[in-house]
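Analysis of the macromolecular model
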Amino acid sequence: MLEQQPNVDSRTLFEQLWSLTNELRQKIDARFELHPDPSVENLQQYSSLDGNIKGSLTAFSGKEIDWLVHSWLGNPEKSTFSTMRLTTWLKSHIQVPHLAFEFGTLPNGNILFYIDYIARTELLTDLAYLDRYYEPLNQTFLKLQEDSRLKVFTSKSLYLRLFQSPVKLCYTGAPTFETLELTRTLAHETLDRWLTWIDAAEPVPEDARTALAARDLALRRNGAERDPGNKFVAQMFGVELADKIVRSLWGGDRISH
């Protein structure tokens, strides 16, 4: 997929999407105290075996946030493919869903966005949780299904489809001003809603926090390790570096706790 692409300068589009992740980061930084984890210092700048694809990954934790990853991978000067993510995993003191953003540019020139709340309980049986955290996004989900500017993106991974919530916003679209503005609006609305939930959240009982933290970690690890894109990362960066990147996504080498 990467080798067949012509040398295309997608820097402007890449920078617009990366700027969006930084806008979201600024809001998170304003609300939470975060500290960089030393385990990912050597991933702040890395490159593929042939030097054509670059990447950067930073990770943080804090009193309320267990693991936050802010990363990108690609080479906008030579390739139309790139991916970037901002995922925030809360600690077990509250049960508000985790927050996931992923944006990217595709070989066909389109953009991709994935915006989601990651559930921390069984939605089929915990109806109060479903109504509280997922019903507010249902109308947006249904409206976007009918938006002719967008095409639903469906993961080939069975696990990742299960990992995603029933109201996930996961689409591709042409990189028009309208589509980029829609992506930006949806992302900020999703983050702002999440921050109000955190402010209103009831504390999780002390005796339930260990089990919740274990479930969170299992989700984070499984989601990172079962990503079908990992095989391409291994081809581009070599197995050793690829394994390090995947472990860093879930905090497998983390130093801070």
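Keep in mind the model is a prediction, meaning the values are calculated, not measured.

1. Side note on the overall build of the protein chain
In terms of helices and strands, the protein chain carries 8 helices and 9 strands. What you see for the protein chain is a C-alpha radius of gyration of 18 Å, in line with the 18 Å of a compact globule of 257 residues. Projected onto the principal axes, the alpha-carbon positions of the protein chain cover approximately 55 × 45 × 35 Å. Looking at the 257 residues of the protein chain, the share that counts as buried comes to 51%. Taking all contacts inside the protein chain whose residues are at least 6 apart in sequence as the whole, residues at least 24 apart take part in 67%. When the accessible surface of the protein chain is totalled, it reaches about 12900 Å², and 53% of it is carbon and sulfur. Distance between charge centres in the protein chain, computed from 28 positive and 34 negative side chains, equals 2 Å.

2. Here we look at empty space enclosed by the protein
Once rolled over the atoms, a probe with the size of a water molecule shows which space is left empty. Applying the stated rule across the entire model yields 1 cavity of 30 Å³ or more. Reported here for the largest cavity is a volume of approximately 30 Å³. Around the largest cavity, the lining residues are Leu137, Thr140, Leu169, Leu186, Glu189, Thr190 and Arg193. For the lining of the largest cavity, the secondary structure elements donating two or more residues are helix 3 (135-145) and helix 5 (177-200).

3. What to know about the environment of Pro228
Tracing the backbone through its elements, the reader meets Pro228 in the loop between helix 6 (206-225) and helix 7 (230-237). For Pro228, a relative accessible area of 35% gives the class partly exposed. For the pair formed by Pro228 and Leu160, sequence separation is 68 residues and the distance between their alpha carbons is 8.9 Å. Once you skip the residues sitting within four places of it in the chain, Pro228 turns out to touch Ser157 and Leu160.

4. Focus on the packing of helix 1 (residues 11-31) against helix 5
A packed helix pair is summarised by two numbers, namely the angle formed by the two axes and the spacing between the axes. Running from amino to carboxyl end, helix 1 crosses helix 5 at an angle of 15°, the nearest separation of the two axes being 11 Å. The orientation of helix 1 with respect to helix 5, classified from their angle, is roughly parallel. Where helix 1 crosses over helix 5, the two elements pack in a sense that is right-handed. Seen from helix 1, the contacting residues are Leu13, Gln16, Leu17, Leu20, Glu23, Leu24, Lys27, Ile28 and Arg31; seen from helix 5, they are Leu180, Thr183, Arg184, Ala187, His188, Leu191, Asp192, Leu195, Ile198 and Asp199.

5. A few points about the pattern of salt bridges
Enumeration over the complete set of coordinates arrives at 17 salt bridges. Linking Glu15 and Arg11 is a salt bridge whose minimum nitrogen-to-oxygen distance equals 3.3 Å. Of this pair, Glu15 and Arg11 both sit in helix 1, 4 residues apart, roughly one helical turn. In this structure, the salt-bridge partner of Arg132 is Glu202, at a minimum N-O distance of 3.0 Å. One end of the pair, Arg132, is in helix 2 (residues 127-133); the other, Glu202, is in the loop between helix 5 and helix 6, with 70 residues separating them in the sequence. Connected through salt bridges with shared partners, the residues Arg31, Glu64 and Asp199 form a single ionic network.

6. Focus on helix 6
Over its 20 residues, helix 6 extends 30 Å from the first C-alpha to the last, a length consistent with the 28 Å expected when each residue adds 1.5 Å. Among the residues of helix 6, Leu212, Asp216, Leu219, Arg220, Gly223 and Ala224 are the ones counted as buried. On an axial view of helix 6, the arc spanned by its buried residues comes to 120°, and they lie on one face. Of the exposed residues in helix 6, the ones pointing more than 90 degrees away from its buried face are Asp207, Thr210 and Ala211.

7. A few points about the layout of surface pockets
In this structure, the second largest pocket encloses a volume near 310 Å³. Around the second largest pocket, the lining is made up of 14 residues, and of these Ala119, Thr121, Leu162, Phe163 and Arg215 lie nearest the centre. Going through the elements one at a time, helix 4 (158-163) and helix 6 are the ones with two or more residues in the lining of the second largest pocket. At 3 residues, helix 4 tops the list of elements feeding residues into the lining of the second largest pocket. Classifying every residue of the lining of the second largest pocket gives 9 nonpolar, 3 polar and 2 charged.

About the criteria used
- Residues numbered from 1 in each chain as written.
- Predicted model: local features only at pLDDT ≥ 70, side-chain atom pairs only at ≥ 80, totals over all residues.
- Heavy atoms only, no water.
- Helix = DSSP H or I, 4+ residues; strand = E, 2+ residues; numbered from the N terminus.
- Rg over C-alpha atoms; globule rule 2.2 N^0.38 Å.
- Buried < 20%, exposed > 50% of the residue type's maximum accessible area, 1.4 Å probe, protein only.
- Contact = heavy atoms within 4.5 Å.
- Areas by Shrake-Rupley, 256 points an atom, 1.4 Å probe, with all protein chains shown as cover.
- Lys, Arg positive; Asp, Glu negative; His and termini not counted.
- Charge placed at Lys NZ, Arg CZ, Asp CG, Glu CD.
- 1 Å grid on protein atoms, 1.4 Å probe; cavity = no way out; pocket = protein on both sides within 12 Å on 5 of 7 lines; lining within 4 Å.
- Points joined across faces, edges and corners; volume = space filled by probe spheres on them.
- Axes fitted to C-alpha atoms, helices over the stretch in contact; angles between N-to-C directions.
- Parallel < 35°, antiparallel > 145°, perpendicular 65-115°, else oblique.
- Left-handed = near helix turned anticlockwise from the far one by under 90°.
- Salt bridge = Lys/Arg side-chain N within 4 Å of Asp/Glu carboxyl O.
- Expected span 1.5 Å × (residues − 1).
- Arc of directions from axis to C-beta.
- Nonpolar A, V, L, I, M, F, W, Y, C, P; charged D, E, K, R; others polar.

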